[in-house]
Amino acid sequence: MAKDRLREVLEEWEAVIGLEVHTELTTLATKMFCGCPVEFGGEPNTRVCPVCLGLPGALPVPNEAAIEATVLAGLATGCEIAPWSQFHRKNYFYPDMPKNYQISQYDLPFCSDGMVEVDIEADRGGPQRPDRDGDYVTPIGITRIHLEEDTGKMVHVGGSEGRIAGATHSHVDFNRAGTGLMELVTEPDIRTPEEARRFAQKLRLIWLSLGVSDCNMEEGSMRVDANVSVRRRGETAFGTKAEIKNMNSFKSLHDALAHEIVRQVELLEQGGSVVQETRHWDAGAKRTSSLRGKEEAHDYRYFPEPDMVPFEFSAEWVEGVRAKLPELPDARKARFMADYRLPAHDATVLTGDLTLAAFFEAAVTIAGVERAKPISNVILNDLSMLLNAEGISVAETRIVPSMVAELVVLVEDGVISSKQAKEVFAEMAETGDAPGAIVELRGMQQVSDTGAIEAVVDRVIAANPAQVEQYRGGKQGVLGYFVGQVMREMGGQANPTVVNELLREKLDA
Amino acid sequence: MIDLSRLTATQIRDGIADKLFTAREVAEAALGRIEALDGQVHAFNQVTAELAYAAAERIDDAVASGVVLPVLAGVPVALKDNMNLVGTRTTCSAAILEGHESVYDCTAVHRLLEAGALPVGKCNMDEFAFGSSTENSAFGPTRNPWDLDRVPGGSSGGSAAAVAAGMATLTLGSDTGGSIRQPGALTGTVALKPTYGRVSRYGCVAFASSLDQIGPFAKTVEECAVALGAISGKDPMDATSVDRPAEDFTAALHEGVRGLRVGVVTDLLEAEGCSAEVRDSISAAAEVFASLGAEVGEVELPSTAHGLSAYYVIGPAEASSNLARFDGIRYGRRAEEAEDVLDLYMRSRAEGFGPETIRRVMLGTYALSAGYYDAYYGQAQKARTLIKRDFETAFSRFDVLLTPTAPTTAFRIGEKSSDPLSMYLSDIYTIPVNLAGNCAISVPSGLGAETGLPIGLQIIGTHFAEAVVLRAAAAFEAAVGFDPTPPLVREVQG
């Protein structure tokens, strides 16, 4: 069903989506309130101490680097930074929480009222909404960004799929407990699954640019939950929302929302009503199901965390953090379009991946700005194809920027044809040899020497009088035949431009 | 045999340094006194003879090698059982933590031991520090060495009784609403609650984080000054500990109170339940200060009338959250045969918490609940702000303030245990000081004319004015000449 059905229901219905994005501050050296190292994996309960285990008498001490990272994230998403802020305790019992309260923030988050613009490209994923046509940019409001501590991880044994239902017992690993966790909440500004996906991808790119997290959705260092409701187009009141969890990839986010929107619309069209609840996305079965247990109406009994003093951020301090902001995705895209004269699509794709962008800029530095577009082509076509086919990252290939730069120069200088360049690229991916060396070793240098080509051209024309007759009789297409013959005689190394020119010259004479 | 109860901490240290006796002999004397009296007093949950002897050996080795001894070298100390020390059990006198082994050291304890002290044991307390009599202990009450039928006060009653009975020279307690000062008053010991932030709370099991503070008990003001110097100072493990330059609290101790502005808090004397002998002790104390050359005046702290109510919202609110970790999952007592995780929580807590703990957790949970937060917690915080302002105003006119420490002398075991409200009133003079974060000391002012039991004078100072408070207390102590030896101890002294 999916896409077509979604498009269909969105003709009459509008989806209202807000996201909650939790990001672990994985690049910090230590956890949020203690000195334990932040690392993924490890033997269970080896990266713990009295503080993150919540032992009797232990106290939290805030990690200033985590606060600075959160403020940096706020500044990068256009947020206001609170001049005065504090932590609160969120009280609830769960075995993955050592203290049975989570140190979080309540009414005084570090950052609020931001905005991120999202680009939607019509030919990639489509607009999905009848009120927009073609490519469009849509602003997504950021309600707040706050900082809290992550919980431990539970492993349920004896039930199905490791879920708590039916489990006979459970293990808890506190290695992750107390890791700094940044929670961003958006305004309900998102209208389609595609906008949600693009927003999440954009946010990930911003976080990666800032270096605050590795944003690994599979490992859970970036987790996106969605609140979604539907209403008939033209209505202004919100419908009843459901919260969707367990979306471990951008594709899951998109698909889960698409399914949930269709589910809600069908429910309403059949005279039913949406229940406010938390639903679990099952990527395998492609459906959401109601999640019971933890989500009964909770009273978290928030109150100011008395183990820490409130924070006051001076304007000078905030400006000091702002000065540390690196180039952000929007600015980088604009710069790629302006400085390298790249089309919007190229700039979007290249700046959409920090390693590709860095690869591109390194290659351009070597080959020269005037060769930016052909370099972009090689990256977006040959390199991307390789990465997708192999399912690997740039770092895992044998290709480095200097190779792409050299390859593009070889084509631009007419040493090899662009068709040959594809072969050279494949070989350098295979061997890690420099393109120049490959061309030399395989004798692929293109012959552009007019004299040498002219001799072959003359021979081919003399040997094919019938075809000459056809061409001169108006069948211009026969030219391709002559080109093929010449190239064959020259082992494919003749410069095709020169061959074409000489053939025309002789045949039209 | 050395009679420890006649020696101060400094005399012990100097005696060891001068080779009059060894640290091991001091440890033996303290442990001997515990052996002789603790069967009757029950000040200790655990006696740590091995730790004491090991520490004594290090001191005696230092003496042998001619190293300069630290300030508390060879001084027997005991700790309230809510402070972690590796090699001991930290139970908070609660069934849910029975047998709980410490895996790390409380900062204040660590500092005390770094100063050369010998840890002789862990002292009984009201469960999780909830109480004013040490009757709320899962391991049975502590008795007052002055009268074994009476309570030693609480919640640090074991620490107070241990000093009063000469079983330790110095002890540490924790004070959330009076839990050091009130038992100090009831046992005739000197008891100091430092300014909030002066001493690290790291490793002391929290009751109410915004109010808790660790402090010392001793027989003399000077010993409290030495102990405070040893345990205070910024701790990177406690974000609420304050970074201040190190102070020698003994330096100006004996410079007297001439010209010191002393304010007698008059409205608190009208409080419900204040006995005549206690009220009389305050006018006597005022005369003592006047005779020593202080400028004595009167002051009112009207907002402190709301102190008790505010405290019984804020304290339980924070406690309900601090005690949530005791759930039977990771450590401590776990209930058998639970149906599921919720049942495990409920059974473990129902079995492991005593009635007063359950009362406070429920009070606090209620006060923080949606719809009640503003009416209770919010209002209590406003009252707290007003009380702070009252103190600020008073301290603009006076250097120190005088009140009784407790409204009565030691009451009988069982006398108030069925009436929580009358028990709560025991801390009516001490609670406002915690709410404002000030420092205060309880120093014995004599035996009550009617009861013949010790009465304590509370001397309150503004934030970080411990040096002034200690100086006033030392002058008062010298003028009063109180003998801190209970009859029980006189018997064993022979």
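These numbers come from a predicted model, not from an experiment.

What follows concerns the overall build of chain B. In terms of helices and strands, chain B carries 16 helices and eleven strands. A compact globule built from 494 residues should have a C-alpha radius of gyration of about 23 Å, and chain B, at 21 Å, falls within 12% of that. In terms of its C-alpha atoms, chain B occupies a principal-axis envelope of roughly 65 × 55 × 45 Å. When each of the 494 residues of chain B is scored for burial, the buried share is 63%.

When you go through chain A residue by residue, the secondary structure sums to 16 helices and 16 strands. Relative to the globule expectation of 23 Å for 509 residues, the C-alpha radius of gyration of chain A, 30 Å, shows a markedly less compact shape. Judged by the C-alpha coordinates and their principal axes, chain A covers about 95 × 55 × 50 Å. In chain A, buried positions account for 40% of the 509 residues. Across chain A, every contact between residues at least 6 apart in sequence was considered, and the portion connecting residues at least 24 apart equals 71%.

Counting residues at the interface gives 34 residues for chain B and 24 residues for chain A. Those elements giving two or more residues to the side of chain B that touches chain A turn out to be helix 9 (307-322), helix 10 (341-352) and helix 11 (355-368) of chain B. Residue contributions to the side of chain B that touches chain A peak at three residues, all from helix 9 of chain B. Residues that form the side of chain B that touches chain A fall into these classes: 19 nonpolar, nine polar and six charged.

Another aspect to go through is the packing of helix 10 (residues 401-412) of chain A against helix 11 (residues 418-431) of chain A. All names here are of chain A. Where helix 10 meets helix 11, the axes come as close as 10 Å, and the angle between the chain directions of the two elements is 160°. In terms of their interaxial angle, helix 10 and helix 11 are classed as roughly antiparallel. Of the two elements, helix 10 crosses helix 11, and the hand of that crossing is right-handed. Of the residues in helix 11, those in contact with Met403, Leu407 and Val411 of helix 10 are Ser418, Ala421, Val424, Phe425 and Met428.

Before going further, it helps to examine the environment of Gln485(A). Residues and elements named next belong to chain A. Note on placement: Gln485 falls in helix 15 (residues 478-489). Given 20 C-beta atoms within a 10 Å radius, Gln485 is considered buried. Distance from Gln485 to Val460, taken between C-alpha atoms, is 6.9 Å for residues 25 residues apart in sequence.

To continue, consider the sheet that holds strand 5 (residues 101-104) of chain A. Spatial ordering of the open sheet is given by 5-4-15 (chain A), a layout of three strands whose pairing is antiparallel. With one partner strand each, in any of the chains shown, strand 5 and strand 15 (303-304) of chain A form the two edges of the open sheet.

All names here are of chain B. Under the domain assignment, chain B is made up of domain 1 (4-264 + 278-301 + 390-493) and domain 2 (305-383). Computed over C-alpha atoms, the centres of domain 1 and domain 2 are 27 Å apart. Counting residues at the interface gives 26 residues for domain 1 and 24 residues for domain 2. For the side of domain 1 that touches domain 2, the elements supplying multiple residues, two or more each, are helix 13 (420-424) and helix 14 (431-436). For the side of domain 1 that touches domain 2, the residue count by class is 17 nonpolar, seven polar and two charged.

Moving on, we get to the pairing of strand 4 (residues 88-91) of chain A. Residues and elements named next belong to chain A. Neither face of strand 4 is exposed, since His88 and Lys90 on one face and Arg89 and Asn91 on the opposite face are all buried. Pairing geometry for strand 4 and strand 15, over two bridges, is antiparallel. Paired with His88 across the strands is Pro304, a residue of strand 15.

Residues and elements named next belong to chain B. Spatial ordering of the open sheet is given by 1-3-2-4-6-5-10-11-9-7-8, a layout of eleven strands whose pairing is mixed. Every other strand in the sheet has two partners, leaving strand 1 (44-47) and strand 8 (295-299) as the edge strands with one partner each. The average angle at which neighbouring strand axes cross in this sheet is 25°, direction not considered. Strand direction decides the pairing type here: strand 1 and strand 3 (residues 118-123), joined by three bridges, are antiparallel. Bridging across to strand 3, Gln46 finds its partner in Lys122.

Attention shifts here to the pairing of strand 6 (residues 213-218) of chain B. Residue and element names in this part refer to chain B. For strand 6, the buried fraction is high: six of the six residues fall into the buried class. Relative to strand 6, strand 4 (residues 170-175) is paired through five bridges, and the arrangement is antiparallel. Following the sheet pairing, Leu172 is matched in strand 6 by Pro216. Here two bridges tie strand 5 (residues 190-193) to strand 6, and the two strands are oriented antiparallel to one another. When the bridges of strand 6 are listed, Ala191 appears paired with Phe217.

Right, let's get into the nonpolar core. Core analysis: the largest hydrophobic core is formed by 229 residues, its most contacted members being Leu112(B), Leu118(B), Ile441(B) and Ile459(B). Element by element, the count of residues in this core is highest for helix 2 (residues 23-41) of chain B, at nine residues. The two domains that each donate at least three residues to this core are domain 1 (4-264 + 278-301 + 390-493) and domain 2 (305-383) of chain B. When near neighbours in sequence (up to four residues on either side) are disregarded, Leu118(B) contacts Ala23(B), Val26(B), Ala27(B), Ala52(B), Ala55(B), Ala56(B), Gly74(B), Val75(B), Pro76(B) and Val77(B). Ranked by size, the runner-up nonpolar core spans 34 residues in total, among them Phe336(A), Leu342(A), Leu407(A) and Ala421(A).

A separate point is helix 8 (residues 276-291) of chain B. The terminal C-alpha atoms of helix 8 of chain B lie 23 Å apart, and with 16 residues this matches the ideal 22 Å at 1.5 Å per residue to within 8%. Of the residues trailing helix 8 of chain B, Gly293(B) is marked for its positive phi of about 100°.

The next thing to look at is the environment of Met423(B). Residue and element names in this part refer to chain B. With respect to the helices, strands and loops of the structure, Met423 is situated in helix 13. Sequence separation between Met423 and Ser132 is 291 residues, and the spatial gap between their C-alpha atoms is 6.6 Å. Those residues in contact with Met423 that lie beyond four places of it in its chain are Gly131, Ser132, Ser133 and Lys416.

With omega at 10°, the peptide bond leading from Gly154(B) into Ser155(B) counts as cis. Note that Ser155(B) resides in the loop between strand 3 and helix 5 (157-164). The backbone of Asn100(A) shows a phi angle near 60°, a positive value even though the residue is not glycine. By secondary structure assignment, the location of Asn100(A) is in the loop between strand 4 and strand 5. For Asn100(A), a count of 21 C-beta atoms within 10 Å gives the class buried. Look at Ser93(B): it is not a glycine, yet its phi comes out positive at around 50°. Judged by local crowding, Ser93(B) falls into the buried class, with 33 C-beta atoms found within 10 Å.

Here the focus is the packing of helix 7 (residues 221-231) of chain B against helix 15 (residues 466-480) of chain B. Residue and element names in this part refer to chain B. Viewed as axis vectors pointing N to C, helix 7 and helix 15 meet at an angle of 160°, and their least axial separation amounts to 9 Å. On the basis of the axis angle, helix 7 is roughly antiparallel to helix 15. Two packed elements cross with a definite hand, and for helix 7 against helix 15 that hand is left-handed. Counting all contacts with helix 7, which are made through Val221, Glu222, Cys224, Ala225 and Leu228, the residues of helix 15 involved are Glu466, Leu470, Ala473, Ala474 and Glu477. Broken down by class, the residue content of the contact of helix 7 with helix 15 amounts to seven nonpolar, no polar and three charged.

Procedures and definitions
- Residues numbered from 1 in each chain as written.
- Chains lettered and ligands numbered in written order.
- Predicted model: local features only at pLDDT ≥ 70, side-chain atom pairs only at ≥ 80, totals over all residues.
- Helix = DSSP H or I, 4+ residues; strand = E, 2+ residues; numbered from the N terminus.
- Rg over C-alpha atoms; globule rule 2.2 N^0.38 Å.
- Buried ≥ 20, exposed ≤ 12 C-beta atoms within 10 Å, placed from the backbone.
- Contact = placed C-beta atoms within 7 Å.
- Nonpolar A, V, L, I, M, F, W, Y, C, P; charged D, E, K, R; others polar.
- Axes fitted to C-alpha atoms, helices over the stretch in contact; angles between N-to-C directions.
- Parallel < 35°, antiparallel > 145°, perpendicular 65-115°, else oblique.
- Left-handed = near helix turned anticlockwise from the far one by under 90°.
- Pairing = 2+ DSSP bridges.
- Domains from an automatic or database assignment.
- Core = buried A, V, L, I, M, F, W, Y, C linked by C-beta atoms within 7 Å.
- Expected span 1.5 Å × (residues − 1).

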